[in-house]
Amino acid sequence: MRIARFVAQGDPTYGVVELAEDQGPNPDTIAVVSGDPLAGPVHYTGERLPLADVRLVSPVIPRSKIIGVGRNYAEHAAELGNEVPENPLLFFKPNTAVIGPFEPIVHPPETENLHYEGELAVVIGRICRRVPPERVTDVVFGYTVANDVTCRDLQNSDGQWSRAKGFDSFCPLGPWIATHISIEEAGRLDLLTSLNDEPVQAASTSQMVRGIPELISYISSFTTLLPGDVVLTGTPAGVGRMVPGDRISVTISGIGTLTNTVVAEDA
């Protein structure tokens, strides 16, 4: 199932997306549901809309936090001259950084080296603490696509990463949450990032140094995870600079494509 959050008229609404590839009776449509799937039971309203007639927004706005994992692909760590850390290297991004598909990534004047980082994101579905790796599947709601936008120069100069990764618009998520993917399947998905239609990152989530069960178990050992929290699992090699006017797309097999364009802050 693909859970999307969209705007047709009025406030954002949730729905279930059916694509042509599903070979179902209602291709490329979205079936409207009542309520928030991350907050409790929902029901189909009976309304169905063409996907082309709605505007997709971020499928989740974390109520609490976004936890990022740094240097979780060995080749990415190496390309920036870093070692793979002994323990997961974690950081937080504010929920004000979240934007949805086709919303602009704003290039702030404070940076001269703004980077894309295509990633698999895990959406938490229930309150949990100290989850053993073998029980992680019980707390995962689904998976979406993320771009962990980073000011590389500020990351290097500040020594910690809050400012470099925390500007408004620095966490694109979408296009929807895939709930039908198992935790085993999530560990072997293909990831492709393109800059202006030119491939720049190509990898498999199987190349992660630490897989999803280990990451969620480690994170939940020190902080309570809440429904709607998002874990960014790290980016593969191939990161690079974006400038205003660039279009960046991150595609993950089995989920979909997240596309955003960079604009200058004063645009």
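Our structure's up above, just so we're on the same page.
**Q** Go over the packing of aromatic side chains, please, and point to the residues and values.
**A** If you walk through the whole model with that rule in mind, you get two aromatic pairs. Ring geometry for Phe167 against Phe170: centres 5.2 Å apart, planes inclined by 45°, an arrangement best described as tilted. Accessibility expressed as a relative area gives 0% for Phe170, which makes it buried.

**Q** Describe the pattern of salt bridges, listing the residues and the values that go with them.
**A** A side chain with one charge may pair with a side chain of the opposite charge, provided their charged atoms come close. Per the stated rule, a full pass over the model turns up twelve salt bridges. Lys93 is the salt-bridge partner of Asp148, the closest N and O atoms lying 2.6 Å from each other. Here Asp148, found in the loop between β12 (140-147) and β13 (150-151), pairs with Lys93, found in strand β7 (residues 89-93); they are 55 residues apart in sequence, far enough to count as distant. Each of the two residues, Asp148 as well as Lys93, counts as buried. Among the ionic pairs, Asp197 bridges to Arg247, the shortest N-O distance being 2.6 Å. Residue Asp197 is located in the loop between β15 (190-195) and β16 (198-204), and its partner Arg247 is located in strand β19 (residues 247-252); the two are separated by 50 residues in the primary sequence. Its relative accessible area of 31% is what places Arg247 among the partly exposed residues. Linked by salt bridges that have partners in common, Lys93, Glu117, Asp148, Arg152 and Lys165 make up one network.

Thresholds, definitions, all that
Residues numbered from 1 in each chain as written. Predicted model: local features only at pLDDT ≥ 70, side-chain atom pairs only at ≥ 80, totals over all residues. Heavy atoms only, no water. Phe/Tyr/Trp six-rings, centres within 6.5 Å; stacked < 30°, edge-to-face > 60°. Buried < 20%, exposed > 50% of the residue type's maximum accessible area, 1.4 Å probe, protein only. Salt bridge = Lys/Arg side-chain N within 4 Å of Asp/Glu carboxyl O. Helix = DSSP H or I, 4+ residues; strand = E, 2+ residues; numbered from the N terminus.

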